[in-house]
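# Structure at a glance
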Amino acid sequence: MDTQTRSIPRPHGLLSELELLLRNRFRFFAEIRDGVELPHKIQAMLLYSAISLALYGAVMGSEHSVWQALASSVKLPLLFLITLVVCLPTLYFFNTILEASLGLSQNFALLLAAITMTAVVLLAFVPVSLFFLITTSQYQFYKLLNVAFFVIAGWIGVRQLDQGMRMLTAGDRRGARMRGRLLRLWILLYAFVGSQLAWTLRPFFGAPGLPFELFRGLGGNFYTNIFASLGELFGFFTVR
Amino acid sequence: MSQAPTPSPEELILAMLRDVLGRQEQEMRLAAKPAPPIPPPRASTPAPAAPPLLYEEGAEPLSPAEAQEIAEFNELAVRPLPSSTLPRTLRLLVAGLVVTLILINLPLFNSLALARALPDRQALIIRDGLLLKGSGPETYVLENGQKRWISSLDAFDHYGYQWDEVHLVEDTFLHQFRDGRPLHVLLKCGGSPHIHRLENDQKRWIKDIPTFLAEGHVWEDARFVSCGELRRIPDGAPIPPDAGPPPQP
């Protein structure tokens, strides 16, 4: 199976890589496993995930001002990329210690594939987010709606990562179960790092009544803020 | 049949010694512990034809479900892709979204962009530090659910507020907050031990430290000015009002 994927003809180009990921992710994973055009794949995924996330960020920031839209369109791709870079070594060494035969670039490509999938799902949500941006005025509702979109897109991305990892390491049976458990732990770590970094890079929406600011002072955390927004949305208390 | 030649005593002794040594060697071999397992080969060395025993020991067999799943993955991976309009659709979606984003951010409606055109889009987040002004001249800052009156322009500047941060609201909105301690600026000059509170463009002498503390002031709120400047500010009632005539700085 190792070089089977090399012999299958298909169109080449950056957009074709994205198409392959969306339409036949199994072949995409097989090509990552076989090392088929890995730099080309990484380049395509970086480009399209950045475009999708930038568009989504711009929509989120438009709720506040043009400056916020521009800032969020830069910050959102950065958020995903930095989280990936921070968490990649952990995954790589987990896999290496547990005798998976994946190289660093294959681990990177696999993670990038998960992020690209998340980004494309978010891109698909952009029209819905735009619709609610124009037709509703409740800041807390809009914020939570977008958090829900992120949860859905993130879940799809993480599921794909799990599937891809199982496919890529199917031949490495030694330590396979432990790898599975550690991957789930790693996903938790990834979520924690991502949410903390999102909190550090905030605002993405820009609170109404506040002037534009590129970064807001540290304080509080992502989870208490979501809890407070839920409380205000359902009328339990007012965010102060 | 010819008889074999009789061995000499030396040859007999040598044969016996060989026999004893051979038996001892055999016994030692049997008694010896098994040899340690061969370590796995390093990455740089060429892989052996058959994997060493150590690798096989820890290998986890595929469960039937896993094996089926992997087989399905592999089968799907070699399936050819029929042509589709996905790349074109993606390009159109991205282009359409970029155009829409630009349009909704253009100030087309009374210098308001569509993204922020809804009347209550400017809704306030009630938070500490929010500046509010009703129909009267007073400006307030919210703190711990209370509205604190900012007693003078000097106090407003002293605390670093900006006029474009002040939100005009209805009086009924203001009334929902309890009144907190007013926000004053305290004035002091280097040549005088007295401290004054600026209020309605008048300086009010604070009689002593217990009064100063009882009024909730902190030393950080004091601003140093020249004594001449302080003298030019008209006197108001001292704090407390029965403190007597205020001393001049």
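Residues numbered from 1 in each chain as written. Chains lettered and ligands numbered in written order. Predicted model: local features only at pLDDT ≥ 70, side-chain atom pairs only at ≥ 80, totals over all residues.

## A word on the overall build of chain A
- Broken down by element type, chain A carries eight helices and zero strands.
- Listing each helix as α and each strand as β along chain A from the N terminus yields α-α-α-α-α-α-α-α.
- The buried share of chain A, reckoned over its 240 residues, is 38%.
- Intrachain contacts of chain A at a sequence separation of at least 6 include 74% that bridge at least 24 residues. (Helix = DSSP H or I, 4+ residues; strand = E, 2+ residues; numbered from the N terminus. Buried ≥ 20, exposed ≤ 12 C-beta atoms within 10 Å, placed from the backbone. Contact = placed C-beta atoms within 7 Å.)

## So, the pairing of strand β10 (residues 202-206) of chain B
All names here are of chain B.
- Counting buried positions along β10 yields four of five residues, so the element is predominantly enclosed.
- As defined by bridge partners, strand β9 (residues 195-199) adjoins β10 across five bridges and the pair is classed as antiparallel. Bridging from a neighbouring strand, I195 pairs with I206 of β10.
- Counting the residues in the hairpin turn of β9 and β10 gives two residues, including N200, whose phi is positive at 50 degrees. (Pairing = 2+ DSSP bridges.)

## Some words on the confidence of the model for chain B
Residue and element names in this part refer to chain B.
- Residues with a pLDDT of 70 or more make up 80% of chain B, whose mean pLDDT is 76.
- Looking over chain B, one finds the lowest element-wise mean pLDDT in helix α2 (residues 53-58), namely 44, and the highest in helix α4 (residues 86-105), namely 91.
- Low confidence marks residues 33-56, where pLDDT is under 50. Its contacts with residues over four positions away, or in another chain, come to eleven contacts.
- Quick note on the complex model: pTM equals 0.62, ipTM equals 0.79. (pLDDT = per-residue confidence, 0-100.)

## Observations concerning unusual backbone geometry
- In this structure, A:P203 follows A:R202 across a cis peptide bond, with omega equal to 10 degrees.
- If you trace the backbone, A:P203 turns up in the loop between α7 (176-201) and α8 (222-233).
- Geometrically, the link from B:I239 to B:P240 is a cis peptide bond, its omega value of -5 degrees lying close to zero.
- Residue placement: B:P240 occurs in the segment after α8 (227-232).
- Positive phi is not limited to glycine here, since A:E37 has a value of about 45 degrees.
- Note that A:E37 resides in the loop between α2 (25-34) and α3 (38-62).

## A short note on the nonpolar core
- Formed by 53 residues in total, the largest nonpolar core has its most connected members in A:L53, A:L55, A:Y56, A:L110, A:L111 and A:A113.
- At the level of elements, α1 (14-23), α2, α3, α4 (66-97), α5 (104-135) and α6 (139-168) of chain A together with α3 (64-77) of chain B are the ones that each hand at least two residues to this core.
- In terms of residue count, α5(A) provides more of this core than any other element does, 16 residues in total.
- Beyond its immediate chain neighbours, meaning those up to four positions away, A:A113 contacts A:L21, A:F28, A:M45, A:Q160 and A:G164.
- B:V141, B:L187, B:I206 and B:L230 belong to the second largest nonpolar core, which has 16 residues in total. (Core = buried A, V, L, I, M, F, W, Y, C linked by C-beta atoms within 7 Å.)

## A few points about the sheet that holds strand β7 (residues 178-179) of chain B
Residues and elements named next belong to chain B.
- An order of β6-β3-β4-β5-β7 is seen for the five strands of this open sheet, with the pairing classed as mixed. Every interior strand has two partners, whereas the edge strands, β6 (166-168) and β7, have only one.
- Direction of pairing for strand β3 (residues 131-133) relative to β6: parallel, over a ladder of three bridges. Paired with L132 across the bridge in β6 is H167.

## Comments concerning the environment of A:L79
Residue and element names in this part refer to chain A.
- Checked against the element boundaries, L79 lands in helix α4.
- Residues L79 and W199, 120 residues apart in the sequence, show an inter-C-alpha distance of 9.9 Å.
- Among all residues touching L79, those that are not within four sequence positions of it are L197, A198 and L201.

## Remarks on α4(A)
Residues and elements named next belong to chain A.
- When the terminal C-alpha atoms of α4 are compared, their 48 Å separation across 32 residues agrees well with the 46 Å that a helix rising 1.5 Å per residue should span.
- The largest bend along α4 reaches roughly 35 degrees and is located at C87, with the proline P89 sitting one to four residues downstream.
- Of the residues one or two after α4, E99 is the one with positive phi, at around 65 degrees. (Expected span 1.5 Å × (residues − 1). Bend = angle between axes of the 7 residues up to and from the residue.)

## Things to note about the packing of α5(A) against α6(A)
Residues and elements named next belong to chain A.
- The geometry of α5 relative to α6 is characterised by a closest axis approach of 8 Å and an angle of 155 degrees between their N-to-C directions. Classified by the angle between their axes, α5 and α6 sit roughly antiparallel to one another. The chirality of how α5 crosses α6 is right-handed. (Axes fitted to C-alpha atoms, helices over the stretch in contact; angles between N-to-C directions. Parallel < 35°, antiparallel > 145°, perpendicular 65-115°, else oblique. Left-handed = near helix turned anticlockwise from the far one by under 90°.)

## Quick look at the pairing of strand β8 (residues 185-189) of chain B
Residue and element names in this part refer to chain B.
- Pairing geometry for β8 and β9, over three bridges, is antiparallel. Bridged to L186 within β9 is R197.
- In this structure, the hairpin formed by β8 and β9 is closed by a connection of five residues.
- Relative to strand β11 (residues 222-225), β8 is paired through four bridges, and the arrangement is parallel. In the strand pairing of β11, K188 is matched with F224.

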